[in-house]
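# Chains, contacts and geometry: an overview
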Amino acid sequence: MIHLDFWKVATLALTATLGAAPARADFDACVAGIRAQAAGQGVSGAVFDRMMAGVTPDPKIIELMNNQPEFKTPIWDYLAVLVDDEKVAEGRAMMSRHSSALAAAEQRFGVDRHAIAAVWGVESDFGKIAGKWSLPQALSTLACTAPRRRDYFRGELMATLKIVARGDLAPEKLRGSWAGAFGQTQFMPSTYLRLAVDGDGDGRRDLVDSVADALHSTANFLAKSGWQSGASWGYEVNVPDGYSGPSGRGSKQPVSAWAARGITRVDGSALTGSGSAGLLLPAGRNGPGFLVFRNYDAAYAYNGADSYALAISLLSDRLKGRPGVQGAWPTDDPGISRAQRKEMQRLLAARGYDVGEPDGAIGAKTRAAISDIQGKIGLAQNGRPSKKVLDALKGR
Ligand SMILES: [Ca+2]
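Residues numbered from 1 in each chain as written. Predicted model: local features only at pLDDT ≥ 70, side-chain atom pairs only at ≥ 80, totals over all residues.

### Focus: the overall build of the protein chain
Broken down by element type, the protein chain carries 17 helices and seven strands. The buried share of the protein chain, reckoned over its 396 residues, is 38%. Within the protein chain, residue pairs in contact and separated by at least 24 positions form 69% of the contacts whose partners lie at least 6 positions apart. (Helix = DSSP H or I, 4+ residues; strand = E, 2+ residues; numbered from the N terminus. Buried ≥ 20, exposed ≤ 12 C-beta atoms within 10 Å, placed from the backbone. Contact = placed C-beta atoms within 7 Å.)

### Regarding the nonpolar core
Residues Leu79, Ile116, Leu215, Ala299, Ala311, Ile312 and Leu315 are the most contacted members of the largest nonpolar core, which totals 86 residues. If sequence neighbours within four positions are ignored, Ile116 has contacts with Leu102, Ala105, Val111, Leu215, Thr218 and Ala219. Counting residues in each nonpolar core, the second largest holds nine residues, with Met344, Leu347, Val355 and Ala369 among its members. (Core = buried A, V, L, I, M, F, W, Y, C linked by C-beta atoms within 7 Å.)

### Details of the domain arrangement of the protein chain
Taken domain by domain, the protein chain holds domain 1 (234–319) and domain 2 (338–393). In this structure, domain 1 and domain 2 have C-alpha centres spaced 34 Å apart. (Domains from an automatic or database assignment.)

### With respect to the pairing of strand β6 (residues 276–280)
Counted residue by residue, β6 has four buried out of five residues, so it is predominantly covered. Note that strand β4 (residues 248–254) and β6 share three bridges and pair antiparallel. Each bridged residue has a counterpart across the sheet, and for Gly248 the counterpart in β6 is Leu279. Relative to strand β7 (residues 289–292), β6 runs antiparallel, the two being bridged by three bridges. Paired with Gly278 across the two strands is Val292, which belongs to β7. (Pairing = 2+ DSSP bridges.)

### Some details on the sheet that holds β6
For sheets, the rule is that strands pair by backbone hydrogen bonds, running either parallel or antiparallel. Spatially, five strands are ordered β4-β6-β7-β3-β5 in an open sheet, and the strand pairing comes out antiparallel. One side of each edge strand has no neighbouring strand; the edge strands of this open sheet are β4 and β5 (264–265).

### A word on the environment of Trp227
Positionally, Trp227 belongs in the loop between α11 (211–224) and β3 (234–238). Accessibility expressed as a C-beta count within 10 Å gives 24 for Trp227, which makes it buried. For the pair Trp227 and His216, spaced 11 residues apart in sequence, the C-alpha to C-alpha distance is 14 Å. Leave out the neighbours within four places in its chain, and Trp227 touches Gly110, Val111, Leu222, Asn295 and Ala298.

### So, helix α14 (residues 306–319)
With 14 residues, α14 ought to run about 20 Å at 1.5 Å a step, and its terminal C-alpha atoms sit 20 Å apart, in line with that. When you tally the buried positions in α14, you get 11 out of 14 residues, the bulk of the element. Looking only at α14, the buried set comprises Ala309, Leu310, Ala311, Ile312, Ser313, Leu314, Leu315, Ser316, Asp317, Arg318 and Leu319. Where α14 is buried, its residues touch α4 (75–82), α5 (85–97), α7 (113–124), β3 and α13 (294–302). Of the residues one or two after α14, Gly321 is the one with positive phi, at around 90 degrees. (Expected span 1.5 Å × (residues − 1).)

### Re helix α8 (residues 135–145)
With 10 of its 11 residues buried, α8 lies for the most part within the structure. Within α8, burial applies to Leu135, Pro136, Gln137, Ala138, Leu139, Ser140, Thr141, Leu142, Ala143 and Cys144.

### Remarks on unusual backbone geometry
Phi angles above zero are rare outside glycine, and Phe126 is one such case at about 60 degrees. Residue class for Phe126 comes out buried when judged on the 21 C-beta atoms lying within 10 Å of it. Despite not being glycine, Gln186 shows a phi value in the positive range, around 50 degrees. Considering the arrangement of structural elements, one finds Gln186 in the loop between β2 (175–176) and α10 (189–195).

### Description of the confidence of the model for the protein chain
Overall, the predicted model of the protein chain reaches an average pLDDT of 92, with 94% of residues at or above 70. In the predicted structure, residues 1–19 sits below a pLDDT of 50 and forms zero contacts with residues beyond four places in sequence or in another chain. (pLDDT = per-residue confidence, 0-100.)

In structure tokens:
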């Protein structure tokens, strides 16, 4: 065994030594191929060269691709952060500030302004967070050096080139996530190309700096995903004890069939709504339940996860002044809001932990500090910011 391990290590070392120079040549050849392909699709060499000037492969992007967290965030943590009081208050303020753009987008696409604002708030915190990576660099690194899905990222790079070639955005505006989602709507470039619209009437589709363009484009996305004007996404329900019937977004049945199974609205009243609905039990039978209709599916289309679609739906409710989730999540250690995360970081810093700036974002340093506290209070050391950890820090 030792012998084999030795050979494995030796081979890896050899590959690393020899790999560096040819990798760069391969990258340059790959980029040249994309330049030729782009020319065939109407993107001039001048546009290509301006956007790709000085771009080099960035191994950090591949590291991020390979190190996506395996620890699955529980849905109650996800909702505690994305639908916290701060987000609701800020969402109301932003809806008031941009009421004319929201009204115009609602009118043009028939999509509820609260849902548009909810997507905006969850995607970019109302335009504040857009991502730090250079898209030309990230997408060319992925298109030319990724261990998988190179064709997909090549297509996204091509879409980015077309966005610039059309004059919608200048190359220096192209900053986003390592995987290429960007702007206030966090569209992938191909989605931008397909669904972005001009909302402020200047003839350009600018989802980076124009709030109106971002709001109209989000409304267009939801409309194209089957949004039904005037309908509800759904609502919370009570599920009878011992329920063993179907569940999930795809468990679509007429509302009357759910009523026949003993399901009621969470306040005990009869089910409402027309068309078919699915019964969502995002944390299993012991957690809150929801009946979800077509507009829930439209939110799901934006980012295929129930946790995401539920965050959009619940935030849109709260922006309307409706209450949040009534039922209890099946945990004795609930998630905490961004304000509580900041408080946790301040308390950790006061105990001498280096957690960087207390910004509510849980990075590697904060996780390490939380793990240390978890060890001291007998919790699993996974770095999860939770109520028990916060209470312990407060001396409760
Ligand atoms: Ca515009």
